[in-house]
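Fold and geometry: a report
If you want the building blocks of each chain, they are given just below.
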Amino acid sequence: MGEVDEAFVQALEHRPKLSFTEAEGIPLIDLSVLANPNGNIDKLVSEIGNACKNWGFFQVINHGVALETRQKVENASRKFFAQTSEEKRKVSRDEKRALGYYDTEHTKNVRDWKEVFDFSLQDPTLAPASPAPDDKEITEWHNQWPDFPPEIREACEEYAKELEKLAYKLMELIALSLGLPENRFNSFFEDQTTFLRLNHYPPCPSPDLALGVGRHKDSGALTVLAQDDVGGLEVKRKSDGEWVLVKPTPDAFIINVGDIIQVWSNDAYESVEHRVMVNSEKERFSVPFFFNPAHYTMVKPLDELTNEKNPPKYRPYNWGKFITTRKLSNFKKLDVENIQIYHFKLQELSNKLEGALSINS
């Protein structure tokens, strides 16, 4: 990617500090009790609930995903990204093909220092053809698999299925922590729009100016992240707003609550801002799994979690229209901030937000 182009340079107030605080406070949660049919999961449910409430992030170990399955994906990812740009761009994504390779993604309208390869869990994945509220047409997102490395498709599909099982387990634990039946969320994911991403962050000559991914919150339900031993993920600590580094833990997954859980829980759990630092000497690889509901899901606070004393804090929005709006910003720099869940906060509605709210259906 060469020297740092102006497109990558963060505004002064958002530039990373090269000195950092390690986030030792992010909970490390052992899921081994789930493998014991007679295990008492009350303690585990409490740990999950506290982590979601206090951090929005936690790490899990003894999660049931074989290390070999993860290593196959990581090895295939390294081989794929080591190819020439010409080879990688044979499976480029664009405004018509939502999945595949991309190297000019923007976060908060600043270009990220990374390249990615996206694929979906369900192939094809059904989604709205456009963000227009009156357009009812549905399209199909198809995976594009490169010829090299030849093992990438099998490795990715096997990994995706294992991560799906883990994501369902985590959603059941989160449901229990909110006082809901453990299967409360399952039906939302029957026609899910879940996708996975292979991330490659090349060495950056000016890690004090650019970010691998700028500050953002995940718009889906739940994210399950595998990161290598280089590290770079920073989380904005809720207690004081300080950016803290998530130290890599061998064979652990990093879990974070997304915007949808924030809305479903009516702000009991919060989607937390995070970003990725880059390194001047080392390249970094990571694999996030974005667990997302069906495109036709109307996202709103759950009835069981609202009452007269705790009324709904969001008006409903259509998930498919939301992500279709978001995806368009990948291909052009916007003049305004991209759509966010706070645009649907009931106490913050105003005339200037009516355009954003028009994706209701």
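Please read these numbers as outputs of a predicted model, since none were measured by experiment.

Between Asp 123 and the following residue, Pro 124, the backbone shows a cis peptide bond with an omega angle of 5°. By the element assignment, Pro 124 lies in the loop between strand E7 (115–120) and strand E8 (125–128). Across the junction of Phe 148 and Pro 149, the peptide omega takes the value -5°, indicating a cis bond. Residue position: Pro 149 is located in the loop between strand E9 (138–141) and helix H4 (152–177). Not every positive phi belongs to a glycine, and Asn 266 is a case in point at roughly 55°. Here Asn 266 is to be found in the loop between helix H5 (259–264) and strand E16 (274–276).

Turning our eyes to something else, we now look at the environment of Ala 268. Along the chain, Ala 268 falls in the loop between H5 and E16. Overall, the relative accessible area of 37% leaves Ala 268 in the partly exposed class. The spatial distance from the C-alpha of Ala 268 to the C-alpha of Pro 181 is 17 Å, given a sequence separation of 87 residues.

The next point concerns the pattern of salt bridges. If you walk through the whole model with that rule in mind, you get 26 salt bridges. One salt bridge in this structure joins Glu 304 and Arg 184, with 2.5 Å as the shortest N-O distance. In this pair, Glu 304 is assigned in the loop between strand E18 (298–299) and strand E19 (317–318) and Arg 184 in the loop between H4 and strand E10 (195–201), connecting sequence segments 120 residues apart. For Glu 304, a relative accessible area of 43% translates into the label partly exposed. The shortest N-O distance in the salt bridge between Arg 275 and Glu 234 comes to 2.8 Å.

Rules of the game
Residues numbered from 1 in each chain as written. Predicted model: local features only at pLDDT ≥ 70, side-chain atom pairs only at ≥ 80, totals over all residues. Heavy atoms only, no water. Helix = DSSP H or I, 4+ residues; strand = E, 2+ residues; numbered from the N terminus. Buried < 20%, exposed > 50% of the residue type's maximum accessible area, 1.4 Å probe, protein only. Salt bridge = Lys/Arg side-chain N within 4 Å of Asp/Glu carboxyl O.

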